[in-house]
Amino acid sequence: MPVPISRPAAILVAFALVACAPKAPEAQPQLVRTALVGEGAGGAIRYTGVVRSRTESDLGFRVGGKVVQRLVDPGQQVRRGQPLLRLDPSDLQLAANASGEQLRSAQAQATQARAEEARMARLLEAGAASRSAYDLALATALSAEAAVSAARSNARQAGNQADYGTLVADADGVVTEVLVQPGQVVGAGMVVARLARAGSREAAVAVPETQLATLPRAGRAFLYASDAPIQAQLREVAGVADPLTRTFDARYVLSRTDLPLGATVTVELPRSTPHQQEVPLGALHDPGAGPGVWVVQANRVHFRRVAVARLGEETASIAAGSLNAGDRIVILGAHLLRDGQAVRPVDAVAVRP
């Protein structure tokens with residue numbers, strides 16, 4: 001028969017069983033991807049580009065022909081009027097000679113026509129010629145004079161074309177590229193060389209379309225491995241985006257004219273809203289009372305309301321006072337968290353200011 005157990009003994013047995021029972025496993029911290037809100041570069045935007053000349057000319061011959069001489073190399077400094085390339089002058093000189101001969105023929109015919117007109121004028125005065133005969137001689141003389149003028153213009157044009165066989169620099173500058181070699185046949189207007197004119201230097205940078213509306217007009221530029229600032233002033237922005245990069249070419253005029261062409265340059269521009277922070281759209285979470293972000297503190301998340309200034313395609317601009325430099329925020333999985341939940345940050349990256 002069973003042995004009766006007293007009430008105090010039963011309580012002690014119950015406590016012993018509870019103590020020996022296996023403990024429930026603790027919940028593992030939620031893995032989250034975070035981003036560190038950094039101080040950035042003093043509230044500045046930086047674009048890297050190259051130094052270009054403000055005026056870059058594509059040069060070509062005004063007549064066609066065969067290239068026989070190349071007188072310059074890429075990177076060479078040239079002066080205005082300096083020969084760069086020459087064409088075979090044979091055909092051009094023959095054309096000039098032919099035009100000269102045509103001019104002399106027209107002049108001879110004009111001399112004969114003027115003499116005939118003078119003779120008919122004397123005969124008309126003496127009554128030995130009719131008025132119509134004199135008018136015909138006068139018209140022939142005037143036509144001959146017009147032919148002389150036309151032949152003179154043709155001869156001048158042929159002479160100019162003979163001179164066009166030598167391509168000269170139209171300004172002081174640097175030859176950046178030579179596209180033909182001796183022996184190559186080129187057509188009129190074909191680009192054979194490129195010249196970067198001396199004078200103003202510009203920084204050519206690529207600007208994303210999301211920054212066009214607030215692109216500052218003035219800033220500073222720095223050459224590669226140099227801390228000396230150069231004043232930069234916006235001159236123009238391309239009206240059409242590059243079909244490959246989908247960015248817009250912007251030109252900033254630099255305050256120095258002695259900068260080497262093609263050098264790497266960084267343009268530093270102040271932000272129009274220097275205290276705004278940009279965060280990925282995945283960091284925003286709206287539980288129903290307004291948008292906010294999860295801030296990680298001591299490996300636990302806390303919800304913080306933020307004021308969204310502007311939404312972009314991939315980022316959101318957060319107004320001043322919402323986030324501080326050094327805050328670590330969750331940028332992925334924000335909708336799965338609750339206030340005070342333990343988390344384990346992974347893949348931490350930096351958020352630019």
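Structure: see above.
Here the structure is a predicted model, which means the values were calculated and not measured.

(A) View of unusual backbone geometry. Positive phi values are uncommon outside glycine, yet Arg-246 reaches one of about 60°. For Arg-246, the position within the fold is in the loop between strand S13 (230-237) and strand S14 (247-254). One non-glycine residue, Ala-298, lies in positive phi territory at about 55°. You can see Ala-298 is positioned in the loop between strand S17 (292-297) and strand S18 (300-305).

(B) Structural context of the sheet that holds strand S19 (residues 308-311). Strand order in the open sheet formed by three strands is S16-S20-S19, with antiparallel pairing between adjacent strands. Edge positions in the sheet fall to strand S16 (277-280) and S19, since each of these pairs with one other strand and no more. On average, each strand axis in the sheet is tilted by 30° relative to the strand beside it, whichever way the strands run. Sheet topology note: the S16/strand S20 (residues 315-318) ladder contains four bridges and is antiparallel.

(C) A look at the pattern of salt bridges. For the coordinates displayed, the defined rule picks out 19 salt bridges. A salt bridge links Glu-202 to Arg-235; the shortest N-O distance between them is 2.4 Å. Of this pair, Glu-202 sits in strand S11 (residues 201-208) while Arg-235 sits in strand S13, placing them 33 residues apart in sequence. We classify Glu-202 as buried; its relative accessible area is 0%.

(D) Highlighting the nonpolar core. Membership of the largest hydrophobic core comes to 20 residues, with the highest contact counts inside it found for Tyr-252 and Leu-254. At the level of elements, strand S2 (44-53), S11, strand S12 (218-223), S13, S14 and strand S15 (264-270) are the ones that each hand at least two residues to this core. Not counting residues up to four positions away in its chain, the partners in contact with Tyr-252 are Arg-201, Glu-202, Ala-203, Val-205, Leu-215, Pro-216, Arg-217, Ala-232, Gln-233, Leu-234, Val-267 and Leu-269.

Quick notes on the rules
Residues numbered from 1 in each chain as written. Predicted model: local features only at pLDDT ≥ 70, side-chain atom pairs only at ≥ 80, totals over all residues. Heavy atoms only, no water. Helix = DSSP H or I, 4+ residues; strand = E, 2+ residues; numbered from the N terminus. Pairing = 2+ DSSP bridges. Axes fitted to C-alpha atoms, helices over the stretch in contact; angles between N-to-C directions. Salt bridge = Lys/Arg side-chain N within 4 Å of Asp/Glu carboxyl O. Buried < 20%, exposed > 50% of the residue type's maximum accessible area, 1.4 Å probe, protein only. Core = buried A, V, L, I, M, F, W, Y, C linked by side-chain atoms within 4.5 Å. Contact = heavy atoms within 4.5 Å.

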